Amino acid sequence: MTPARPLASQHIVVLLGGPSAEREVSLATGAAYADALERLGARVSRVDPGPDIAQVLTALNPDVVCNGLHGRWGEDGCVQGVLETLGVAYTHSGVLASALAMDKAKSKAVLAAAGIVVPGGGLFSRRDVARDHVMRPPYVVKPNAEGSSVGVFIVPQDANAPPRDLAAPGWAFGEQVLVEPFIPGVELSVAVLGQATGPRALAVTEIRSSTGFYDYDAKYSEGGSIHILPAPIPDAVRDRALDTAKLGHTILGCRGVTRVDFRYDDINDLLVLLEVNTQPGMTPTSLVPEQADHAGVSFDRLVFWIVEDAYARRCAGGIAKANAPPG
């Protein structure tokens, strides 16, 4: 893994925070990126972006932008479009892949067309979903374009009423919500590294939430969940998850690092891809650094590859010549 040039000579802007509902997680992810890059000798500018981000980046003139943002604007193609316009090298997926992966309904349609098993269901008005059951419980309700399990409801089989909070005046996650049948079984996750051509899947983690549902607190609170790595599943299921994760990463046109989430129903031997996350967390409780470490890749080495991969793609007149994933 030879760098395009020594990291110590590069000025790297780390974007963190931002305006989304996942701001606190992004602050932690961005801090982890920045700390690692400083340990590696880079000159780092930490930027909490606002409406003047184009002017700020123009003044800073970085070699690479390390995108540590999560959620709307930072993960859905918007900031990626700004960075493309400025001609700045940046980490993770591009405009189209970011926008597509963030739109759960559209990405499900694309993945299903490629033969990947995804949940059923569809988009509904949040007020209709709050008024009455739109499908037989149990089912899951989630915003169509949010991450980190923000605004997600699990409606159990014995529920007398749908989630009334969807009709609350303060609801801030869009007028349409995605309603999907609840998939029984275990929660699995796979980190994938690399270009859409030739990606590497690291491992399969089983996630057991201490709260009964892998929600925001379970993901980011100390002790909120238990990660079992490698997942105690049959080898054939592990291989299927690794291959399906790489296929999902490829079909959506992702690059850099993604995290692909599944549910596995062992009774019916059914592996269902829930979503592809193009800006996975890098917090102390995050899955991707754990899987990288399990694969023999330290956190600093992982961050080094993420940044050098972005720089390599921007070199040679825009020709996509990326570094091979570490390992």
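Residues numbered from 1 in each chain as written. Predicted model: local features only at pLDDT ≥ 70, side-chain atom pairs only at ≥ 80, totals over all residues. Heavy atoms only, no water.

**Q** Please explain the pairing of strand 11 (residues 225–228) as it appears in this structure.
**A** Both faces of the sheet carry side chains from a regular strand, because those side chains alternate between them. By the alternation rule, side chains of strand 11 split into Ser225 and His227, which are all buried, and Ile226 and Ile228, of which none is buried. Examined bridge by bridge, strand 10 (residues 200–209) and strand 11 share four bridges and lie antiparallel to one another. Directly across from glutamate 206, in strand 11, lies its bridge partner isoleucine 228. (Buried < 20%, exposed > 50% of the residue type's maximum accessible area, 1.4 Å probe, protein only. Helix = DSSP H or I, 4+ residues; strand = E, 2+ residues; numbered from the N terminus. Pairing = 2+ DSSP bridges.)

**Q** Help me understand the packing of helix 2 (residues 53–60) against helix 3 (residues 78–86) in this model?
**A** The description of two helices packed together rests on the angle between their axes and the distance between the axes. Where helix 2 meets helix 3, the axes come as close as 11 Å, and the angle between the chain directions of the two elements is 40°. Our classification of the angle between helix 2 and helix 3 gives oblique. Crossing hand, helix 2 versus helix 3: right-handed. Residues Ile53, Ala54, Leu57 and Thr58 of helix 2 lie in contact with helix 3, whose contacting residues are Val82, Leu83 and Leu86. Partitioned by chemical class, the residues of the contact of helix 2 with helix 3 number six nonpolar, one polar and no charged. (Axes fitted to C-alpha atoms, helices over the stretch in contact; angles between N-to-C directions. Parallel < 35°, antiparallel > 145°, perpendicular 65-115°, else oblique. Left-handed = near helix turned anticlockwise from the far one by under 90°. Contact = heavy atoms within 4.5 Å. Nonpolar A, V, L, I, M, F, W, Y, C, P; charged D, E, K, R; others polar.)

**Q** Help me understand the nonpolar core in this model?
**A** Generally speaking, nonpolar side chains in soluble globular proteins are found buried as a group. Residues Ile12, Val14, Leu37 and Leu302 are the most contacted members of the largest nonpolar core, which totals 28 residues. Put simply, the parts of the chain that give this core at least two residues each are strand 1 (11–15), helix 1 (23–39), strand 3 (64–67), strand 9 (186–193), helix 9 (287–294) and helix 10 (299–318). Not counting residues up to four positions away in its chain, the partners in contact with leucine 302 are Leu193, Met282, Val288, Pro289, Ala292 and Val297. Judged by nonpolar contacts, the second largest core, of 25 residues, contains Leu188, Cys254, Val260 and Leu273. (Core = buried A, V, L, I, M, F, W, Y, C linked by side-chain atoms within 4.5 Å.)

**Q** I would appreciate a short explanation of the environment of glycine 30 in the present structure.
**A** Checked against the element boundaries, glycine 30 lands in helix 1. Once the C-alpha coordinates of glycine 30 and glycine 68 are considered, the two residues, 38 residues apart in sequence, prove to be 4.6 Å apart. With near-sequence residues (within four places) excluded, glycine 30 lies in contact with Val14, Leu16 and Gly68.

**Q** How should the pairing of strand 8 (residues 176–181) be read in this particular structure?
**A** With four bridges connecting them, strand 5 (residues 122–125) and strand 8 associate as antiparallel partners. Considered in strand 8, the bridge of phenylalanine 124 is made with valine 177. Pairing geometry for strand 6 (residues 139–143) and strand 8, over five bridges, is antiparallel. Bridge pairing in strand 8 links tyrosine 139 to proline 181.

**Q** Before we go on, may I ask you to explain the packing of aromatic side chains in this structure?
**A** Each aromatic ring pair is summarised here by two numbers: the centre-to-centre distance and the angle between the ring planes. Applying the stated criterion to the full structure yields two aromatic pairs. A centroid spacing of 6.3 Å and a plane angle of 25° characterise the contact between phenylalanine 153 and tryptophan 171, whose relative ring orientation is stacked. Placement of phenylalanine 153 in strand 7 (residues 153–155) and of tryptophan 171 in the loop between strand 7 and strand 8 is noted, with a sequence separation of 18 residues between them. For the ring pair tryptophan 171 and phenylalanine 173, a centre distance of 5.0 Å and an interplane angle of 85° mean the geometry is edge-to-face. For tryptophan 171, a relative accessible area of 13% translates into the label buried. Here a set of aromatic residues connected by ring pairs shows up, and it is made of Phe153, Trp171 and Phe173. (Phe/Tyr/Trp six-rings, centres within 6.5 Å; stacked < 30°, edge-to-face > 60°.)

**Q** Got a minute to help me understand the pattern of salt bridges in this structure?
**A** Any two side chains of opposite charge can pair, on the condition that their charged atoms come close. Applying the stated criterion to the full structure yields 15 salt bridges. Linking glutamate 38 and arginine 46 is a salt bridge whose minimum nitrogen-to-oxygen distance equals 3.1 Å. Among the charged side chains, a salt-bridge network with shared partners connects Asp35, Glu38 and Arg46. (Salt bridge = Lys/Arg side-chain N within 4 Å of Asp/Glu carboxyl O.)

**Q** Would you take a moment to explain the sheet that holds strand 12 (residues 257–265) for this structure?
**A** Through backbone hydrogen bonds, the strands of a sheet pair up, either in parallel or in antiparallel fashion. The sheet built from five strands is open, its strands ordered 11-10-9-12-13 with antiparallel pairing. Only two strands of the sheet have a single neighbouring strand rather than two, namely strand 11 and strand 13 (270–277). Direction aside, neighbouring strands of the sheet carry axes that sit 30° apart on average. Here strand 12 pairs with strand 13 via seven bridges, running antiparallel. Opposite phenylalanine 262, over in strand 13, you have leucine 273 as the bridge partner.

**Q** Help me understand unusual backbone geometry, please; the structure alone is not making it clear to me.
**A** Residues other than glycine predominantly adopt negative phi, and peptide bonds predominantly adopt the trans conformation. The residue after proline 137, namely proline 138, is reached through a cis peptide bond having omega 5°. The linkage connecting leucine 229 with the following residue, proline 230, adopts the cis geometry, with an omega of 0°. Mapped onto the secondary structure, proline 230 falls in the loop between strand 11 and helix 8 (235–251). Although it is not a glycine, tryptophan 73 sits at a positive phi angle of roughly 75°. Residue placement: tryptophan 73 occurs in the loop between strand 3 and helix 3.

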